[in-house]
Amino acid sequence: MCKVYAVASQKGGVTKSSTVLNLATALGIMGKKVLAVDVDPQGSLSICAGVNNPDKLTHTTYSLLNAVIDEEKLPEPNDYIVPCEKIDIIPCNITLSVFEVNRGHEIGCEQALRTVLEPLKEA
Ligand SMILES: Nc1ncnc2c1ncn2[C@@H]1O[C@H](COP(=O)(O)OP(=O)(O)O)[C@@H](O)[C@H]1O
Ligand SMILES: [Mg+2]
């Protein structure tokens, strides 16, 4: 059974990224299959998990959310999920910083992440 946990706070420096990386890695070491989804334009989770140059990636949380809102077909999971040491990650970069301004008013935008994750729960 798949469980989804969100670690969120508007305040910076309260150890959101550290918590997610440590918790996800611990679960990975315990043999759980873990997908961490970076939803922070700082991309610190992606960088700390070992993703090389997240700024150079085509597929990120931002591109996936945009694809959902634009009703485009999502890429294959292998094209956007980056395997790291003990976990997999959907990386993020600075492009996400404009998402709320550009797309935040669009109907259904608050459901977009759910739409990205739903088909992955069975994988
Ligand atoms: N257990 C801890 N004790 C002390 N400092 C920590 C601990 N965990 C993380 N930090 C430090 O706190 C700072 C902020 O953590 P970070 O995870 O980047 O926060 P956020 O993602 O909320 O902005 C980082 O410098 C990190 O190294
Ligand atoms: Mg962070």
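Use the structure listed above.
Residues numbered from 1 in each chain as written. Chains lettered and ligands numbered in written order. Predicted model: local features only at pLDDT ≥ 70, side-chain atom pairs only at ≥ 80, totals over all residues.

A. Highlighting the site of ligand 1. Around ligand 1, a shell composed of Gly-12, Gly-13, Val-14, Thr-15, Lys-16, Ser-17, Ser-18 and Ser-44 is seen. For the shell around ligand 1, the leading source of residues is helix α1 (residues 16–29), giving three residues. Of the residues that constitute the shell around ligand 1, the class distribution is one nonpolar, six polar and one charged. (Near = placed C-beta within 6 Å. Helix = DSSP H or I, 4+ residues; strand = E, 2+ residues; numbered from the N terminus. Nonpolar A, V, L, I, M, F, W, Y, C, P; charged D, E, K, R; others polar.)

B. Up close: the nonpolar core. By size, the foremost hydrophobic cluster in this structure holds 19 residues, and its most contacted members are Ala-36, Ala-49, Cys-84, Ile-87 and Ile-89. Of all the elements in the fold, those that place two or more residues in this core are α1, β1 (35–37), α2 (44–49), α3 (61–69) and β3 (88–90). (Core = buried A, V, L, I, M, F, W, Y, C linked by C-beta atoms within 7 Å. Buried ≥ 20, exposed ≤ 12 C-beta atoms within 10 Å, placed from the backbone.)

C. Seen up close, α3. For α3, the full list of buried residues reads Thr-61, Tyr-62, Leu-64 and Leu-65. Buried positions in α3, seen along its axis, are confined to an arc of 165° and lie on one side of it. As for α3, its buried residues are in contact with β1, α4 (77–80), β3, α5 (99–103) and α6 (112–117). Glu-71 sits one or two residues past α3 and shows a positive phi near 55°. (Arc of directions from axis to C-beta. Contact = placed C-beta atoms within 7 Å.)

D. How the structure looks around α1. With 14 residues, α1 ought to run about 20 Å at 1.5 Å a step, and its terminal C-alpha atoms sit 20 Å apart, in line with that. Among all positions in α1, only Ser-17, Val-20, Leu-21 and Ala-24 are buried. With its buried residues spanning 95° around the axis, α1 presents them on a single face. Every exposed residue of α1 that faces more than 90 degrees away from the buried side is listed here: Asn-22 and Ile-29. Buried-residue contacts for α1 involve β1 and α2. (Expected span 1.5 Å × (residues − 1).)

E. Local environment of the environment of Gly-13. In this structure, Gly-13 sits in the segment before α1. Counting along the chain gives 101 residues from Gly-13 to Arg-114, while the straight-line C-alpha distance between them is 26 Å.

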